[in-house]
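# Working through the structure, step by step
Chain by chain, the residues run as shown.
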Amino acid sequence: MKTSGVEFRGLRRVFGSTVALDGLDLAVEPGELMALLGPSGCGKTTALRCVAGFEHPDAGAVLIDGKDITRLPANRRDAGMVFQSYSLFPNLNARDNVAFGLRVRKVPAARRHARAAELLELVGLPEHGGRYPHELSGGQQQRVALARALALEPRVLLLDEPLSALDAKVRVTLREEIRRLQLDLGITTIFVTHDQEEALSIADRVAVLRAGRLEQVGPPAEVYDRPATPFVAEFVGAMNHIPGRLSGDEVTVLGGFLPVDGPIPQGPEVDVLVRPEAVVVTPLAVPGASAAERSPSAAGDRALVVASSFRGSSARLRIRLGDLELLADVPGHDAVRLAPGTPVTVDLVHRPVLVAPSTRPTAVTTPGTSSPDGADAAGATPKTPAATPGSAAPESAAPGSRPGSPDGAGTAGATTEASGAAVRRDAR
Ligand SMILES: Nc1ncnc2c1ncn2[C@@H]1O[C@H](COP(=O)(O)OP(=O)(O)OP(=O)(O)O)[C@@H](O)[C@H]1O
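All figures in this text were calculated on a predicted structure; none of them were measured in a lab.

## Here we look at the overall build of the protein
The helix and strand tally for the protein stands at eight helices and 23 strands. Buried residues in the protein amount to 46% of all 428 residues. For the protein, contacts bridging at least 24 residues in sequence account for 71% of all contacts bridging at least 6.

## As for the sheet that holds strand β8 (residues 188-193)
Strands sit in the order β6-β7-β8-β3-β9-β10 across an open sheet of six strands; the sheet is mixed. The open sheet is flanked by β6 (79-82) and β10 (213-218), the only strands paired with a single partner. Strand-to-strand twist of the sheet, defined as the mean angle between neighbouring strand axes without regard to direction, takes the value 20 degrees. Direction of pairing for strand β9 (residues 205-210) relative to β10: antiparallel, over a ladder of five bridges. Bridging from a neighbouring strand, Val206 pairs with Gly218 of β10. Packed onto the sheet, helix α1 (residues 44-52) meets β3 (33-37), β6, β7 (156-160), β8 and β9 and runs at close to 150 degrees relative to β7.

## Focus on the sheet that holds strand β5 (residues 67-68)
Across the sheet, four strands lie side by side as β2-β1-β4-β5; this open sheet has antiparallel pairing. For this open sheet the edge positions go to β2 (18-28) and β5, each flanked by a neighbour on one side alone. Bridge analysis of strand β4 (residues 59-64) against β5 gives two bridges, and the strand direction is antiparallel. Bridge assignment links Leu63 to a residue of β5, and that residue is Asp68. In the packing of α1 onto the sheet, the strands contacted are β1 (6-15), β2 and β4, and the crossing angle to β1 comes to about 115 degrees.

## Notes on the packing of helix α2 (residues 94-104) against helix α3 (residues 109-122)
Contact geometry for α2 and α3: axes closest at 9 Å, N-to-C directions at 125 degrees. As summarised for this structure, α2 and α3 are arranged oblique, according to the angle between their axes. The way α2 lies across α3 gives a crossing that is right-handed. From α2, Ala94, Arg95, Val98, Ala99, Leu102 and Arg103 reach across to α3, where they touch Arg112, His113, Arg115, Ala116, Leu119 and Leu120. In terms of residue class, the contact of α2 with α3 is built from seven nonpolar, one polar and four charged.

## Describing the pairing of β4
Summarising the sheet, β1 and β4 pair through five bridges and their orientation is antiparallel. Looking across to β4, one finds that Phe8 is bridged to Val62. In this antiparallel pair of consecutive strands, β4 and β5, the connection spans two residues, and Asp65 shows a positive phi of 50 degrees.

## Quick notes on the site of the ligand
Within the structure, the ligand sits among Phe15, Thr18, Ala20, Gly38, Ser40, Gly41, Cys42, Gly43, Lys44, Thr45, Thr46 and His194. Secondary structure elements with two or more residues in the shell around the ligand: β2 and α1. In terms of residue count, α1 provides more of the shell around the ligand than any other element does, three residues in total. Classifying every residue of the shell around the ligand by side-chain character gives three nonpolar, eight polar and one charged.

## Regarding the nonpolar core
Among the nonpolar cores identified, the biggest contains 106 residues, and Ala35, Leu36, Ile190, Val281, Ile319 and Val355 are the most heavily contacted of them. Residue-level mapping places this core at the junction of two domains, with at least three residues from each of domain 1 (6-225) and domain 2 (237-425).

## Points about the UniProt feature "domain: ABC transporter" (unreviewed entry) in the protein
The positions UniProt marks with the feature "domain: ABC transporter" (unreviewed entry) are residues 6-236. Structurally, residues 6-236 comprises 36% helix and 26% strand, and the distance from its first C-alpha atom to its last is 24 Å.

## Re the environment of Ala145
Mapping Ala145 onto the fold places it in helix α4 (residues 138-150). Assessed through the 25 C-beta atoms surrounding it within 10 Å, Ala145 is described here as buried. It is 19 Å that separates the C-alpha atoms of Ala145 and Gly186, two residues lying 41 residues apart in sequence. Aside from chain neighbours lying at most four places away, what touches Ala145 is Val82, Tyr86, Ser87 and Leu88.

## Quick look at α2
Taken together, the buried positions of α2 are Ala94, Arg95, Asn97, Val98, Ala99 and Leu102. Its buried side turned inward, α2 meets α3 and α4. Residue Lys106 follows α2 closely and has a positive phi angle near 60 degrees.

## Some thoughts on unusual backbone geometry
Although it is not a glycine, Asp78 sits at a positive phi angle of roughly 65 degrees. Relative to the assigned elements, Asp78 resides in the loop between β5 and β6. Even without a glycine there, the phi angle at Ala211 is positive, about 50 degrees.

## Thoughts on the pairing of strand β15 (residues 279-283)
The element β15 is extensively covered by neighbouring structure, given that four of its five residues are classed as buried. Relative to strand β19 (residues 343-349), β15 runs antiparallel, the two sharing five bridges. From the neighbouring strand, Val280 faces β19, where its bridge partner is Asp347.

Each value, and the rule that gives it
Residues numbered from 1 in each chain as written. Predicted model: local features only at pLDDT ≥ 70, side-chain atom pairs only at ≥ 80, totals over all residues. Helix = DSSP H or I, 4+ residues; strand = E, 2+ residues; numbered from the N terminus. Buried ≥ 20, exposed ≤ 12 C-beta atoms within 10 Å, placed from the backbone. Contact = placed C-beta atoms within 7 Å. Pairing = 2+ DSSP bridges. Axes fitted to C-alpha atoms, helices over the stretch in contact; angles between N-to-C directions. Parallel < 35°, antiparallel > 145°, perpendicular 65-115°, else oblique. Left-handed = near helix turned anticlockwise from the far one by under 90°. Nonpolar A, V, L, I, M, F, W, Y, C, P; charged D, E, K, R; others polar. Near = placed C-beta within 6 Å. Core = buried A, V, L, I, M, F, W, Y, C linked by C-beta atoms within 7 Å. Domains from an automatic or database assignment. UniProt positions renumbered as here; feature names shortened; annotations may be inferred.

Given below as structure tokens:
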């Protein structure tokens, strides 16, 4: 399989008053799997179709291997495409679907049948050549579509939300197989998805698009851990918004100071963006407290675990801290001692944070693919947990300041760990 680089250069496409692509610049390396990720309508599919030749930009260029192919007809671009809807020919069996392009190119029957059999084997369907699309499951149809896209040995594989129509389990299996296949073949692949977990798990690099422009491109861990902008931080992974107050290049948040990373908005009131795994939760020791005393209603404005969603190796907690709600990810084995109703202290891992213009009243956001209930949100499995819950310093008294107060939770009762392990705040 030949491998080729793909480059988008200042790509612009306008539909009436809608700017689908607004000067997209992006280079995909030969053999790389690049995920195009972004919210609905940000131009992902339009970009992909410009590579396939199904769409023509108003300005800018698409290059394959450094050659401008912008004006080349689709059938001379050497790109194989798989769509969200399987789009197989219903009147052809799997073998003939796969061999369709070869037939158009007048490849002799024996050779195209052999090639179709080889490709069906490659996608794990060696026995299914005689079946028609309606006799195949969604996942099997998409495998056939993949085999068909590979039949002409394209230089570039274009996948447009290929897994969105499949159920969750098949989606995960098939995405792993696509990745394995892509690595085996070394084929340059552009994978369009709006699912951040999918993008992070499958790609060499993720390009986050926003309103037809590139917002950030980088390896999955980099995009997740060091989002270049608040938009990327919001879109890729769950994110807490915690009120803070800017002071130079630091921000006061939950009673401690953290260094600020990235663009600094007009202050001083801001939202500090913190991942759930960077929220360190420690059960509050309440000597002699009865179960009734530990109930949420008895606990006043303490930080309380109000919901917990167990996920096996981890648990996502929803924590109420005054008028603020936070999401926190803790190891699964801590879920029992951090059951709903448990009073807790909340700390933040000490590391640079992104800040965004204040959005009071405070809110917790989850990525586009997650359920509205962040405690049950499935889409934000952290790749590289930044904090080890429990690594915070032992409890220290910090009475007084009300969480979420406009002065950034104040300084009363707050301690910044000298060790730099965490900003902590006792919630009593
Ligand atoms: N043929 C068209 N005619 C008019 N508007 C279009 C056309 N194709 C795309 N658009 C508009 O251009 C914008 C970008 O569309 P595009 O399909 O590229 O987005 P997307 O990021 O792939 O979205 P989704 O994830 O919902 O598929 C959208 O506002 C869409 O409505």
